[in-house]
Amino acid sequence: MTPELWEQVREVLYEALNRTPAERSAFLAERCAGRPEVLAEVESLLLAATTDTTGLLEVADQHAGAADLSGTLIGNYRLLEEIGRGGMGTVYLAVRDDGQYQQRVAVKVVRRGMDTELVLGRFRYERQILAFLSHPNIARLLEGGSTQEGRPYFVMEYVEGMPLLAYCQSKALSVQARLHLFLQVCSAVEYAHRNLIVHRDLKPGNIMVEHDGTVKLLDFGIARILLPDAPGLEEAHTVGPLLFTPEYASPEQIRGEPVNTATDVYSLGAVLYELLSTRRAHRFQDRTPTEMDRVICETDPPRPSSVLGPQVQGITRGDVEGDLDRIVLKALAKDRLQRYSSVEQFSEDIRNYLEGRPVLARDATIRYRAMKFVRRNKVSVGAAAAVALTLIAGIATTTWQAHIARTERDRAEQRFRDVRRLANSFLVEHDTLAALPGGTGIRAKLIQKALEYLDSLSREAAGDASLRQELATAYEKMGDVQGRPDSANIGDTASALASYRKSLALRESVLAGDPGNPQLRQDVASSLARVSGALKRAGDYRGGLEFDKRALELRKLLLEAEPGNRAFRRAVAASYTTLGGSLFQVGDWAGVLATRRSALKLHEELAADPQADGDDYRSLNLAETRMASIYSRNGDQAAAARMYERSLQTARKGLEKFPRHVQLRLGLAAGLSGLARVQLAEKNYSGAVANYTAAHELYQEIAAEDPQDTRSRSMLATSHYRRGRAYTILGDAGRAAKELQIALKMREQLAEADPVNAGAQGEVAEAQAALGDAAARLNQRDAAREWYRRAHAILQKLQQEHRSNSASDDEMARVTAAMKDLH
Amino acid sequence: MSSDAVTRLLHSWRDGNKAALDELLPLVYTELRRLAESQMRHERGGHTLQSTALVHEAYMKLVGQEDAQWQNRAHFFAVAARVIRRILVDHARARGAVKRGQAMPKLSLDEALEVAGEKEWELVALDDALSRLAEMDEQQSRVVELRFFTGLSVEETAEAMGISTATVKRDWATAKAWLMREVSRSVS
């Protein structure tokens, strides 16, 4: 057959093969009209294709397809259908088949015929990586095992939802909503990096969004552990004809260079590009090697805003133009040194954008300044164990580098080896223990080990200022892990306090050797603030007060030396505010008024400056709100109302310039609530209800944008509480009870998550007491008595433990009086 | 032979130097055979080797895991497909030539792959038909080579050849019909 004839035959043949036998004759008659030789060939080939006598070629289809395991049983799971296929494994949707649960899971099995040592090693490696990762945004490993034929498999959480892009498109999500989803992806990748794991195949297809908006990262099939001597690395990290997806691959992957966390930054950039423009960052004319190389290694993608199609719902070009363009293109820099230095920095810049702060991607000076700031203040997040490990690895590296520079090579190398050994022993322990129930104990153990190590290092560090500084940072981070109020911390305020104190002592000793050094002064002030915060969280307000005063003095010295430094001015203002808060807690009203006036004055100066950013407006707005609440407390409702109006003006002015600033929106809501409270005191009920409602809507909006943020949940709870109080005063006890029940439930959840937090306990009692008031209004005396009793019990306990403050003491007095009134 | 040398040969072949292929073929052949033998020795019961896995391993051994440059990998697969085709077909021809009578020992590779066996004549016929297909359409014959002899999936073949999966599907489906017809004609 000639090539020309074959081309014609092939075209008709393929179309005919895709039709049912019944349709074929009519189709052929039409397509082959006037071409009898084509018709004859196609008919003969169709016959051969449907009556294969050799079976020879089916071998290839079997090889490539592997047997479908749907319907079979693996372990306790019945496989339902194939839902994905990778280079080595096939993923099935499955259910437990032992009648215990109706849990749906995903089961990944090595494909038959692929089970060579190499592939098995790779598969075990993936399982090991997954066992190591426990994060709300990463699909969880449930168990693993081997089939009867000896093929390994593992069982994972089944993620029910939509791929990231489809989810955004189907909901026509706004830029903000897309960025919030993307931040969840970043949080998962950051967590993996902190565990020294790079994913290497980040793409929208590996990112699912569940119905409640939770993002899940899937498929660590080609991920890699970054420890140089991690087991399984040599043979396990490259298998398969193409290891990654060219659409999201970085130049270093295409060139076959070593990968590191910067590779994931690049791929995240490519994902964000598509998320904001629905166009791919890499667009190939064809899929030849030269073309891919040209596009990925040499072609700078156009700005996302410039390719944004009109069909994209929820996004306009104006949303993306400017900062977001710069952020995306910085992540997509060909040279990895030009990219964000970490996913953490990348996500931080997105937060900067969302809150109206300048972004790092804008220019080098800002980047430099902000990097310093981030380094100084960044609080580690994520599982405690992970942080402990990274901490050790971090100390290992920095210690090592520092000492090399000082030619103490031998000692440094010995230390480096020790640290490495320790880090590895953590890895092993984590690995073996992670599969057992009760992982919190393991975290605590890891922390304990890390602390022992740090303590021994700090004894050695007496003569070494830079090592003492590093240790101080390490203790500070450790304290954050121990006492940070979210799900990942171990809720241990007492230990956090001990760590902060150690950090402070080390920093003070370094400062003593170089008393005028501004950086060291700032570090000490930051430690003082943390110690004070922990003391106050534990209920020791008077103790906290002393540290606040010292922090203020240090910061004043810094500002005196550099009066034009806005950061220093902000820090002094913040110190006044913190001190004022502590004075408030102990009931020193004159002190409160004085510190608040000082803070207000400084914030006015900062916000009046043309360089003022969203945070400056927010700070002024806060200072005004605080001032107003003092006036209100002192009984001057007219002055309070004027001050609240001023705070609303400030918030609105700020929002004009920085419309996305969440904190300013919260400020607006707080101002509205404050005004409503004053109106309530003045018996202007309709005005109060209107302002409470406006504030409540804002709180709901903000809490819905980030369901995992405990702070906005706490504010929403308080907003329910305030509405409940207002309805009680208005005499609508039924509605009041409803609002207060919601507030109580939310506050109970928040308090349960952070049992050491005295304030959270007090808020629960406050809601219970308010429910008592509402019940009393409805003349439900027994119910009222019961609510008061519960509130009283909590408040009394706080007092006995010396963890009460002026607000909870006032509340206690009020509840006691209310109980008496019932009799 | 160092992995650098193999990589250089792959580059050279990609750049049009046909002689490089002649140097590569024996190297790949030796490695594939060695691997197949070692796999057969360490056989777990009831286990069938698959050519894809074999080629992956040969690649790792010859080119090395640090070279993840995918062009090399694609070319390597093309070479391997040709090697496997040659081994199987030559062996089948040889067995056909000594047909019946004295037993000819199986090569470890074809034993491992379980492709030949009773079907040596069909394999020879397939090889002839494939050569004729190459005269009609060179690319289509390469699709068949990759899919049949190294067991790549449609997607993997598309990636290795730098063409779309739609094209691979079309090439594979129509080539299969044609090859079936040619093989059954020549065998019967």
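Residues numbered from 1 in each chain as written. Chains lettered and ligands numbered in written order. Predicted model: local features only at pLDDT ≥ 70, side-chain atom pairs only at ≥ 80, totals over all residues.

A closer look at the overall build of chain B
Phase 1: Along its length, chain B carries 9 helices and 0 strands.
Phase 2: If you list the helices and strands of chain B from N to C, you get α-α-α-α-α-α-α-α-α.
Phase 3: For chain B, buried positions account for 48% of its 188 residues.
Phase 4: Taking the intrachain contacts of chain B between residues at least 6 apart in sequence as the baseline, contacts between residues at least 24 apart amount to 69%. (Helix = DSSP H or I, 4+ residues; strand = E, 2+ residues; numbered from the N terminus. Buried ≥ 20, exposed ≤ 12 C-beta atoms within 10 Å, placed from the backbone. Contact = placed C-beta atoms within 7 Å.)

Some remarks on the overall build of chain A
Phase 1: Secondary structure summary: chain A contains 34 helices and 11 strands in total.
Phase 2: Per-residue burial over chain A gives 48% buried out of 823 residues.
Phase 3: Once local pairs closer than 6 in sequence are excluded, the contacts in chain A between residues at least 24 apart make up 61%.

Here's the deal with the packing of helix α7 (residues 138–150) of chain B against helix α8 (residues 154–161) of chain B
Residues and elements named next belong to chain B.
Phase 1: Contact geometry for α7 and α8: axes closest at 10 Å, N-to-C directions at 130°. It follows that α7 is oblique to α8 by the angle criterion. In this structure, α7 meets α8 at a crossing whose hand is right-handed. Residues R142, V143, L146 and R147 of α7 lie in contact with α8, whose contacting residues are T157, A160 and M161.
Phase 2: Taken together, the residues of the contact of α7 with α8 break down into 4 nonpolar, 1 polar and 2 charged. (Axes fitted to C-alpha atoms, helices over the stretch in contact; angles between N-to-C directions. Parallel < 35°, antiparallel > 145°, perpendicular 65-115°, else oblique. Left-handed = near helix turned anticlockwise from the far one by under 90°. Nonpolar A, V, L, I, M, F, W, Y, C, P; charged D, E, K, R; others polar.)

What to know about the sheet that holds strand β10 (residues 215–217) of chain A
Hydrogen bonds along the backbone pair up the strands of a sheet, which may run parallel or antiparallel.
Residues and elements named next belong to chain A.
Phase 1: With respect to topology, 3 strands assemble into an open sheet ordered β7-β9-β10, the strand pairing being antiparallel. Sheet topology places β7 (161–163) and β10 at the edges, where each strand pairs with a single neighbour. Recorded for the sheet is a direction-independent mean angle of 30° between the axes of neighbouring strands.
Phase 2: Pairing of strand β9 (residues 207–210) with β10, which is carried by 3 bridges, proceeds in the antiparallel orientation. Directly across from M208, in β10, lies its bridge partner K216.
Phase 3: Along the sheet, helix α7 (residues 175–194) makes contact with β9 and β10, crossing β10 at roughly 35°. (Pairing = 2+ DSSP bridges.)

Quick notes on the environment of A:R35
All names here are of chain A.
Phase 1: Note that R35 resides in the loop between α2 (21–31) and α3 (36–50).
Phase 2: Using a count of 15 C-beta atoms within 10 Å as the deciding quantity, one classes R35 as partly exposed.
Phase 3: With 27 residues separating them along the chain, R35 and Q8 place their C-alpha atoms 9.7 Å apart.

Here's the deal with the nonpolar core
All names here are of chain A.
Phase 1: Membership of the largest hydrophobic core comes to 106 residues, with the highest contact counts inside it found for L740 and L771.
Phase 2: Three or more residues apiece are contributed to this core by two domains, here domain 4 (379–509) and domain 5 (706–823).
Phase 3: Residues in contact with L771, not counting those within four places in the same chain, are A737, L740, L744 and W787.
Phase 4: Residues A106, L133, I327 and L329 belong to the second largest nonpolar core, which totals 82 residues. (Core = buried A, V, L, I, M, F, W, Y, C linked by C-beta atoms within 7 Å. Domains from an automatic or database assignment.)

Considering unusual backbone geometry
All names here are of chain A.
Phase 1: Of note in the backbone geometry, T278 takes a positive phi value of approximately 60° without being a glycine.
Phase 2: Note on placement: T278 falls in the loop between α10 (261–277) and α11 (289–298).
Phase 3: Judged by the 18 C-beta atoms lying within 10 Å of it, T278 is partly exposed.
Phase 4: The backbone phi angle of K683 is positive, close to 65°, even though this residue is not glycine.
Phase 5: As for its placement among the helices and strands, K683 is situated in the loop between α28 (662–681) and α29 (685–705).

Describing the confidence of the model for chain A
Phase 1: Scored by pLDDT, chain A has a mean of 78; 77% of the residues are at 70 or more.
Phase 2: When the criterion is pLDDT under 50, residues 62–66 of chain A qualifies, and its contacts beyond four places in sequence or with other chains add up to 12 contacts. (pLDDT = per-residue confidence, 0-100.)

Describing helix α32 (residues 758–777) of chain A
For an α-helix the count is 3.6 residues per turn, leaving residues at separations of three or four pointing the same way.
Residues and elements named next belong to chain A.
Phase 1: Along its 20 residues, α32 runs 29 Å from first to last C-alpha, staying within 8% of the 28 Å computed at 1.5 Å per residue.
Phase 2: Of all 20 residues in α32, 18 are buried, a share of seventy percent or more.
Phase 3: The first or second residue beyond α32 is N779, which carries a positive phi of 65°. (Expected span 1.5 Å × (residues − 1).)

Some points on the packing of α7(A) against helix α15 (residues 343–354) of chain A
All names here are of chain A.
Phase 1: Taken N-terminus to C-terminus, the directions of α7 and α15 make an angle of 160°; their axes are 9 Å apart at the nearest point. Looking at the two axes, α7 sits roughly antiparallel to α15. When you trace α7 past α15, the crossing you get is left-handed. Residues Q176, L179, F182, L183, C186, V189, E190 and H193 of α7 form the contact with α15, whose participating residues are V343, E344, F346, S347, I350 and L354.
Phase 2: Counted by class, the contact of α7 with α15 contains 9 nonpolar, 3 polar and 2 charged residues.

Some details on the environment of A:S174
Phase 1: Tracing the chain through its elements places A:S174 in the loop between α6 (164–171) and α7.
Phase 2: Residue class for A:S174 comes out partly exposed when judged on the 16 C-beta atoms lying within 10 Å of it.

With respect to the environment of A:V307
Residue and element names in this part refer to chain A.
Phase 1: You can see V307 is positioned in helix α12 (residues 304–307).
Phase 2: Sequence separation between V307 and T278 is 29 residues, and the spatial gap between their C-alpha atoms is 8.7 Å.
Phase 3: With residues up to four places along the chain from it excluded, the contact list for V307 reads S277, R279 and P302.

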